[in-house]
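The chain contents come next:
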Amino acid sequence: MADASASMTPVTISLIGFTLLAGFYLTTLSLRWTLVSVTVTAVLVTQLLLKLRRRDALTERRVCVLVLGDIGRSPRMQYHALSLSKHGYSVTFVGFSGTKPHQDVIGDERITIIPITEVKGLQVGPRMVSYVTKVILQSLQLLLVLLKTDVQSHILMQNPPGLPSIVVTWLVCGLRGTRFIIDWHNYGYTIMALSHGPDHPIVRLAQWYEQLFGRFSSHNLCVTNAMKEDLQNNWNIEATTLYDKPPAIFKETSVDLKHQLFMRLAKTIPQFQVCGERPGGETERTAFTGRDPSDLSVTLTSGRPALLISSTSWTEDEDFSILLKALEDYEGFVKAGASLPSLVCVITGKGPQKDHYRKLIDTLSFEHVKICTPWLEAEDYPVLLGSADLGVCLHKSSSGLDLPMKVVDMFGCCLPVCAIHFYCLHELVKHEENGLIFKDSEELSEQLKSLLWDFPGCEDEGKLGQFRRNLRASGGQRWDQNWDQNVLPLLTAP
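Parameters and conventions
Residues numbered from 1 in each chain as written. Predicted model: local features only at pLDDT ≥ 70, side-chain atom pairs only at ≥ 80, totals over all residues. Heavy atoms only, no water. Helix = DSSP H or I, 4+ residues; strand = E, 2+ residues; numbered from the N terminus. Buried < 20%, exposed > 50% of the residue type's maximum accessible area, 1.4 Å probe, protein only. Contact = heavy atoms within 4.5 Å. Areas by Shrake-Rupley, 256 points an atom, 1.4 Å probe, with all protein chains shown as cover. Patch = residues over 30% accessible without salt bridge, like charges linked within 9 Å, V, L, I, M, F, W, Y side chains within 5 Å. Salt bridge = Lys/Arg side-chain N within 4 Å of Asp/Glu carboxyl O. Lys, Arg positive; Asp, Glu negative; His and termini not counted. Charge placed at Lys NZ, Arg CZ, Asp CG, Glu CD. Pairing = 2+ DSSP bridges. Axes fitted to C-alpha atoms, helices over the stretch in contact; angles between N-to-C directions. Phe/Tyr/Trp six-rings, centres within 6.5 Å; stacked < 30°, edge-to-face > 60°. Lys NZ or Arg CZ within 6 Å of the ring centre and 35° of its normal.

> Go over the overall build of the protein chain, please, and point to the residues and values.
Secondary structure assignment for the protein chain yields 19 helices and 15 strands. Counting over 494 residues, the protein chain shows a buried share of 51%. Long-range pairs, those at least 24 residues apart, make up 70% of the contacts in the protein chain between residues at least 6 apart in sequence. With the model as given, the accessible surface of the protein chain reaches about 23,300 Å², and the carbon-plus-sulfur share is 57%.

> Give a description of a negative patch on the surface that names residues and reports values.
A cluster of acidic side chains, namely Asp440, Glu442, Glu443 and Glu446, defines a negative patch on the protein surface. Mapped onto the elements of the fold, Glu442 is located in helix 15 (residues 441-452). With relative accessibility at 57%, the residue Glu442 sits in the exposed group.

> Summarise the environment of Lys335; cite the residues concerned and give the values.
With respect to the helices and strands, Lys335 occurs in helix 11 (residues 321-335). On the accessibility criterion, Lys335 (54% relative accessible area) is exposed. Each C-alpha atom of the pair Lys335 and His368 lies 8.2 Å from the other, and the pair is 33 residues apart in sequence. What Lys335 contacts, discounting residues up to four positions off in sequence, is Glu367 and His368.

> Quick one: what's the story with the sheet that holds strand 11 (residues 343-348), residue by residue and with numbers?
Across the sheet, which stays open at both edges, the six strands sit in the order 12-11-10-13-14-15 with parallel pairing between neighbours. Two strands bound the open sheet, and with one partner strand each, they are strand 12 (369-372) and strand 15 (435-438). For this sheet, the mean inter-axis angle between neighbouring strands, taken without regard to orientation, is 20°.

> Explain a nonpolar patch on the surface residue by residue, including any values.
The grouping of Met128, Val132, Ile136, Leu137 and Leu140 at the surface amounts to a nonpolar patch, some 430 Å² of accessible area in total. Following the sequence through the fold, Leu137 ends up in helix 5 (residues 127-148).

> I'd like to hear about unusual backbone geometry, residue by residue, with values.
The amide bond that connects Leu163 to the next residue, Pro164, takes the cis arrangement and shows omega of 10°. If you trace the backbone, Pro164 turns up in the loop between strand 4 (154-159) and helix 6 (165-176). With an omega of 5°, the peptide bond running from Phe455 to Pro456 counts as cis. Summarising the element assignment, Pro456 is placed in the loop between helix 15 and helix 16 (458-461). For Trp314, which is not glycine, the phi dihedral falls at a positive 55°. The residue Trp314 is located in the loop between strand 10 (306-311) and helix 11 in this model. Of note in this structure, Glu432 is not a glycine but carries a positive phi near 70°. Mapped onto the elements of the fold, Glu432 is located in the loop between strand 14 (417-420) and strand 15.

> Go over helix 7 (residues 188-196) with me, naming the residues and quoting the values.
All of the buried residues in helix 7 are Gly188, Tyr189, Thr190, Met192 and Ala193. Looking at the buried residues of helix 7, the elements they touch are helix 5, helix 8 (201-213) and helix 9 (225-235). Looking at the residues trailing helix 7, positive phi occurs at Gly197, about 90°.

> So, the packing of aromatic side chains: which residues are in play, and what are the values?
Scanning all chains against the criterion turns up 18 aromatic pairs. Look at Trp208 and Phe213: their rings are 6.4 Å apart centre to centre, the planes differ by 85°, and that puts the pair in the edge-to-face class. Residue classification places Trp208 among the partly exposed residues on the basis of a relative accessible area of 48%. When its relative accessible area of 14% is taken as the criterion, Phe213 is described as buried. Chaining the aromatic ring pairs together yields one cluster made of Trp170, Trp208, Tyr209, Phe213 and Phe216. In this structure, Lys350 is placed above the aromatic ring of Trp375, and the distance from its NZ or CZ to the ring centre is 4.7 Å. The lysine or arginine in question, Lys449, covers the ring of Phe333, its NZ or CZ lying 4.6 Å from the ring centre.

Structure representation (structure tokens):
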């Protein structure tokens, strides 16, 4: 039905255009032809709207989830799609194809992924011309994709990126009688300001655009109470706070699963190998674990290094030079005789500044600190988080109003975190309760020193162990319950 309707839509639009052109010419001849032209145009427009709004018995059980970004790197939107499916909705998931989504999304029969490509503007001439042509072409592509789908009860769209998806989605929703929900993860204009500065004309235009068209949605979600207040006070937009919560896949990892993961990673990542021992030998050992050949039991080795993990999109709102300087200080502590373990630091993720930081990492010469920057499959990432000893977060919100999902995932695995300070971080990280907050590399290096002192014994007696016990005791709400409380009522509201 969708394909038939979609194929008729360009024909109808063409007829409208032809009628308008013919009418313009014929109006110069007589008033009668003017009336005929207006009447035919009105009939065709009515026919087009009826086709676009044609609903059936299943319309109210269909939802489109839209992100103008890589679906595989949009975990919150993947969780939305899975939650919708669990409640019996048929989900059309529109976004860029790139990174492989989680297997639960790929294998769900109720979720249909419609990949779109990121359009590039003209590659010649001024940057502004390239940017404008990109926006125009992306708008046309998105418009056609959304019009080709069956009529949906709702479109749930991530912002940012919202240019041009907010106005295109609003137009489609208006034409098709679909309700429009924006999930505000941040403000797009504040991210642009990191590159161009807050006073750049394109940043001011983006701010005006978000503020104006953001008001046209039926409902709004946001990620913090601070953002909810900001939307209300400054833009007169009412939103429901939907905190990021970890799904059930984020949990502490058993020793056996740790060993299995470390064995796989050791095949390609030297930092997980036993020093001086090649993987695939007779003994089944990694830098952290070993299997006893007599009874096949797996244990954590007593002299193992501590496993430090950080995940990132390698963007300008995360300054990894802070972590590299802290690790340099940590190396100095160990060399000076401090009772500290060697350290394996795993930094996962993809993004534009990854090559820049990898070159910096290659210049470092550490004896007691090893750094690797792998990209993990979606299924391996939660297992690694649940295997780590400490997490580090360098996310500094461009708006000061969003929270790092990576910390949410770490807490789901009961993994204590050291996180860099920004305005609303206290809504997630409780200093000296589930982690520590730092402001610079010096504070971070001292925190690493205090948390890892006498490792691995500190896992039971020290702050590190206490933070982990606090996380276990707090439990906390998971994504499914949180979504059911805050989003499901919006879908059933009139």
